[in-house]
Amino acid sequence: MADKVAQQKLIEKVQANLGDKVSGVDLDVMDPFIRVEAKDWPEVALFLRDACGLDYLACLTSIDRGEDGLEAVYGVERMDAERLQITVKILVSKDEPNIPSVESVWRTADW
């Protein structure tokens, strides 16, 4: 598990380069996360892989948030000795539950 300082630096790097694509951040939870809009997800995913070295999609799941909509939760990691990881959350409405695929970024998204 990555330490909080490394995760903070990763999030700062993402915000510095894609600030308008990050709609929320929470570091004060067990699995720190960033929140992005569905339309921005492919660009953010490519940045996480190419600029941050997060080369592995370890987990992809979803949560029914009731009236708030459906939330996709992506756990991405860098598979080196540091094992840096971050969670990305995307909330969509139940009326339009569409999130662009990132299977071309991380092959495991095709499961």
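Here, the structure is the one placed above.
What this report covers is the structure whose coordinates are included nearby. Please read all numbers here as calculations on a predicted model, not as lab measurements.

A word on the overall build of the protein
For the protein, the helix and strand inventory stands at two helices and five strands. Traced from its N-terminal end to its C-terminal end, the protein shows the element sequence α-β-β-α-β-β-β. Relative to a compact globule of 111 residues, whose C-alpha radius of gyration would be 13 Å, the protein shows 13 Å and is just as compact. Judged by the C-alpha coordinates and their principal axes, the protein covers about 40 × 30 × 25 Å. Counting every position in the protein, which comprises 111 residues, the buried fraction comes to 41%.

Here we look at helix 1 (residues 4-18)
In this model helix 1 runs 20 Å from its N-terminal to its C-terminal C-alpha over 15 residues, within 8% of the 21 Å that 1.5 Å per residue would give. Burial in helix 1 covers these residues: A6, Q7, L10, I11, V14 and L18. Each buried residue of helix 1 sits inside an arc of 135 degrees when the element is viewed along its axis, so together they form one side. Across from the buried face of helix 1, at angles greater than 90 degrees, the exposed residues are V5, K9 and A16. In this fold, the buried residues of helix 1 make contact with strand 1 (22-26), strand 2 (33-36), helix 2 (41-50) and strand 5 (85-92).

Considering the pairing of strand 2
Alignment of strand 1 against strand 2, held across four bridges, turns out to be antiparallel. Bridge pairing links G24 to R35 in strand 2. Where strand 2 and strand 5 come together, three bridges link them in parallel fashion. Among the inter-strand pairings, F33 is bridged to a residue of strand 5, identified as T87.

The rules behind the values
- Residues numbered from 1 in each chain as written.
- Predicted model: local features only at pLDDT ≥ 70, side-chain atom pairs only at ≥ 80, totals over all residues.
- Heavy atoms only, no water.
- Helix = DSSP H or I, 4+ residues; strand = E, 2+ residues; numbered from the N terminus.
- Rg over C-alpha atoms; globule rule 2.2 N^0.38 Å.
- Buried < 20%, exposed > 50% of the residue type's maximum accessible area, 1.4 Å probe, protein only.
- Expected span 1.5 Å × (residues − 1).
- Arc of directions from axis to C-beta.
- Contact = heavy atoms within 4.5 Å.
- Pairing = 2+ DSSP bridges.

By themselves, these figures tell us nothing about what the structure is for.
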